[in-house]
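What follows is each chain in one-letter form.
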Amino acid sequence: QVQLVVPMAVVFGPGSVPGDLPRPLPFRDVQEMEISVNLRTTVTSRYEMRYRSTTSQEEAALAAATAREADAALHLLQDTTLGSLTMYVVPETSSLLPQGISVYVGKHRSALVRAGGSLAALQARLREVTQVMSFTAGSIAAALSDRVPDGQLSPDARRYLKSSLGYEITFSLLNPDPKSHTVDWDIEGAVNRYVKPVLDKLSLVANFSVDSQILYYAVLGVTPRYDKESSSFLLSAHSLPHVINPVEARLGSSAASLYPVLNFLLYVPERSHSPLYIQDKDGAPVSTNAFHSPRWGGIMVYNVEAPASPQASLPLHVDVDMARVMEVFLAQLRLLFGLSREEVPPEFLLEGPGNEGLSDWELDHLLWAHTVENIATVSTTLTSLAQLLDKIGNIVIKDDVASEVYQAVASVQSAVTKLSLGHLHAAFQASKEAVTSSERAFFDPSLLHLLYFPDDQKFAIYIPLFLPMAVPILLSLAKIVRETRLRKKEPTKID
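Quick caveat: nothing in here was measured; it's all calculated off a predicted structure.

Thresholds, definitions, all that
Residues numbered from 1 in each chain as written. Predicted model: local features only at pLDDT ≥ 70, side-chain atom pairs only at ≥ 80, totals over all residues. Heavy atoms only, no water. Phe/Tyr/Trp six-rings, centres within 6.5 Å; stacked < 30°, edge-to-face > 60°. Axes fitted to C-alpha atoms, helices over the stretch in contact; angles between N-to-C directions. Helix = DSSP H or I, 4+ residues; strand = E, 2+ residues; numbered from the N terminus. Parallel < 35°, antiparallel > 145°, perpendicular 65-115°, else oblique. Left-handed = near helix turned anticlockwise from the far one by under 90°. Contact = heavy atoms within 4.5 Å. Nonpolar A, V, L, I, M, F, W, Y, C, P; charged D, E, K, R; others polar. Buried < 20%, exposed > 50% of the residue type's maximum accessible area, 1.4 Å probe, protein only. Polar contact = N/O pair within 3.5 Å; in protein donor to acceptor, adjacent residues only side chain to side chain. 1 Å grid on protein atoms, 1.4 Å probe; cavity = no way out; pocket = protein on both sides within 12 Å on 5 of 7 lines; lining within 4 Å. Points joined across faces, edges and corners; volume = space filled by probe spheres on them. UniProt positions renumbered as here; feature names shortened; annotations may be inferred. Domains from an automatic or database assignment. Buried area = accessible area lost by both parts, 1.4 Å probe. Pairing = 2+ DSSP bridges.

1. Structural notes on the packing of aromatic side chains
Tallied over the full model, the rule gives twelve aromatic pairs. In textbook terms, an aromatic cluster arises when at least three aromatic residues are bridged by ring pairs, as seen for Phe12, Phe27 and Tyr51.

2. Observations regarding the packing of helix H8 (residues 360-391) against helix H10 (residues 424-442)
For the pair H8 and H10, interaxial distance at closest approach is 9 Å and the crossing angle is 30°. The orientation of H8 with respect to H10, classified from their angle, is roughly parallel. Read as a crossing pair, H8 and H10 show a hand that is left-handed. For the pair H8 and H10, the contacting residues are Asp364, Leu367, Trp368, His370, Thr371, Asn374, Ile375, Val378, Thr381, Leu382, Ser384 and Leu385 in the first and Leu424, Ala427, Phe428, Ser431, Lys432, Ala434, Val435, Ser438, Ala441 and Phe442 in the second. Among the residues forming the contact of H8 with H10, the class breakdown is 13 nonpolar, seven polar and two charged.

3. Side note on the side chain of Arg109
Here Arg109 lies in the loop between strand E5 (103-105) and strand E6 (110-114). Judged by relative accessible area, Arg109 falls into the buried class, the value being 6%. Within the local environment of Arg109, its side chain forms a polar contact with the side chain of Asp364, the two groups lying 2.6 Å apart. Apart from residues lying up to four places away in sequence, Arg109 is in contact with Gln78, Thr80, Thr81, Leu82, Gly83, Ser84, Leu85, Thr86, Met133, Asp360, Trp361 and Asp364.

4. Describing empty space enclosed by the protein
In the structure shown here, the tally under the stated rule is two cavities of 30 Å³ or more. Taken as a whole, the largest cavity encloses approximately 40 Å³ of empty space. Every element with two or more residues in the lining of the largest cavity is listed here: strand E3 (42-53) and helix H3 (119-133). When grouped by side-chain class, the residues that make up the lining of the largest cavity number four nonpolar, three polar and one charged. Here the second largest cavity defines a volume of roughly 30 Å³. Taken together, Ile169, Phe171, Val195, Phe264, Phe329, Leu330 and Leu333 form the lining of the second largest cavity. Broken down by secondary-structure element, the contributors of at least two residues to the lining of the second largest cavity are strand E7 (166-175) and helix H7 (322-336).

5. Notes on the UniProt feature "transmembrane region" (unreviewed entry) in the protein chain
As recorded in UniProt, the sites labelled "transmembrane region" (unreviewed entry) are residues 459-481. Annotated as 100% helix and 0% strand, the span residues 459-481 places its first and last C-alpha atoms 28 Å apart.

6. Concerning the domain arrangement of the protein chain
One can read the domain layout of the protein chain as domain 1 (2-143 + 344-350), domain 2 (166-337) and domain 3 (360-451). Relative to domain 3, the C-alpha centre of domain 2 lies at a distance of 37 Å. Listed as interface residues are seven residues of domain 2 and, on the opposing side, ten residues of domain 3. When domain 2 packs against domain 3, the two sides together hide about 780 Å² of surface, and 62% of this comes from carbon and sulfur.

7. A short note on the packing of helix H9 (residues 399-421) against H10
Their axes nearest at 7 Å, the elements H9 and H10 cross at an angle of 160°. In terms of orientation, H9 and H10 fall into the roughly antiparallel class. H10 is crossed by H9, and the crossing has left-handed handedness. For the pair H9 and H10, contact is made by Val401, Glu404, Val405, Gln407, Ala408, Ser411, Val412, Ser414, Ala415, Lys418 and Leu419 and by Leu424, Ala426, Ala427, Ala430, Ser431, Glu433, Ala434, Ser437, Ser438, Arg440 and Ala441, respectively. The residue inventory of the contact of H9 with H10, partitioned by class, reads twelve nonpolar, six polar and four charged.

8. Focus on the layout of surface pockets
Within this model, the largest pocket holds a volume of roughly 510 Å³. When residues of the lining of the largest pocket are traced back to their parent elements, those giving at least two are helix H6 (241-251), strand E14 (290-293) and H7. Considered class by class, the residues forming the lining of the largest pocket number eleven nonpolar, five polar and four charged.

9. Things to note about the pairing of strand E4 (residues 85-90)
In terms of residue burial, E4 counts as a mostly covered element, since six of its six residues are buried. Of the two faces of E4, the one carrying Leu85, Met87 and Val89 and the one carrying Thr86, Tyr88 and Val90 are both buried. As judged from the five bridges shared by strand E1 (residues 2-12) and E4, these two strands associate in the parallel manner. What sits directly across from Met8, in E4, is Leu85.

10. Digging into the side chain of Arg52
Residue placement: Arg52 occurs in strand E3. Assessed through its relative accessible area of 18%, Arg52 is described here as buried. If we skip the residues at most four places from it in the chain, Arg52 touches Val10, Val11, Phe12, Leu25, Pro26 and Glu58.

11. Section: the sheet that holds strand E9 (residues 207-216)
The strand order across the open sheet built from five strands is E9-E7-E12-E15-E14, with neighbouring strands paired in mixed fashion. Because the sheet does not close on itself, it has two edges, and the strands there are E9 and E14. Each strand axis lies, on average, 15° off the axis of its neighbour in the sheet, ignoring direction. Note: E7 against E9, ten bridges, orientation parallel. Note that in E9 the partner of Asn175 across the bridge is Tyr216. The sheet contacts of H7 involve E7, strand E12 (261-267), E14 and strand E15 (297-301), and relative to E12 the element is tilted by about 150°.

This is the structure:
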């Protein structure tokens, strides 16, 4: 049973303290909620709330002109422990929050909340904020999707990437018509400028490697439909799944990879199928002219403007606008990691993540989900290993395999303990160690070959060897038995 503990500080600014507090500040309170995954598994979320008044430095920070300035100043003063949250309660008349906005969620691990009059109203609002900034029942269910009964998962739950120790990201430029188009893209500069800040932030979650390639004469494998009204070619939503397989056969990146590969493809249509637009299910054009495939990656179609004069010399030189392309690819990357901004109440204002690509609380959101998923993965792996050892009676467990099993059990118990103490970073690291140890034990070569060597195969191998030797021995034994019986039947002489 896993308990997720979120340490929370609720800080009251001047003039925002509700009149119905049960006792004087500071004091502590605890709120618990059960997240039911299936009949056997429940996850308990526990919010340990510490109510207090602002310090003089925090009061000075809250006197800033805008919520963004206040958030930046408060970040230097607050607890930055992973998984912790700080809620600053401001008076209802505060000009920090725009008109009609009651909650401002910043880039870090804090939020500004307008006082709701009574403590009950404030607590209801705080509950909504914690659902946005920490984890939800849906995000935990998505992390444990293998254990959740079918029909109870949201449609997006199986879109997210499974937890892994590493990921490989491949950017591919597909130029099916190099005779017509010479395409230049500054992928190295774009990765350093747009992708690297995001991966630096995500390096806490997993290791990342990035590579790129240009593929010539690589076509989508689906013939687009020509539309006379718009004088363009269209790819409908139902034909998009058929695009992936022909393209993936040319990529060749996942064949030798130890980790999941994320493919981001920029496709420049051939001249005979230009311009090419993607339609959604309703037949409307997709604004980004791109689509993504769950747990695989995304494809963006990049149309080239037709030359002004028909006599223009070929091939045409094309410089790709990398800012526009990377905006789409980073949005797809966030989507694959489950970091898409969920629907929030209209009175909530969420600050954009900026150049880093994701906020601090979004990183925590990812760590909560991956920690729970890792614990479930270790549990499944060790259970499977135990069942395997029960089935194969003559298996020999080496000391190093036993050591990995003990290490996995100790690490997963440590992760569960750390979660119950609210130490998210330590729990995540312990869960990663547990996954590594359990998989080393399960895939150890000394166990793996016995998995494919059952008893019926032993008979099939050894009978042809021993049967020729056994036949004369068995015939001799039968002859000896027969002779012994005959001797016993002969009458004995009596003098």
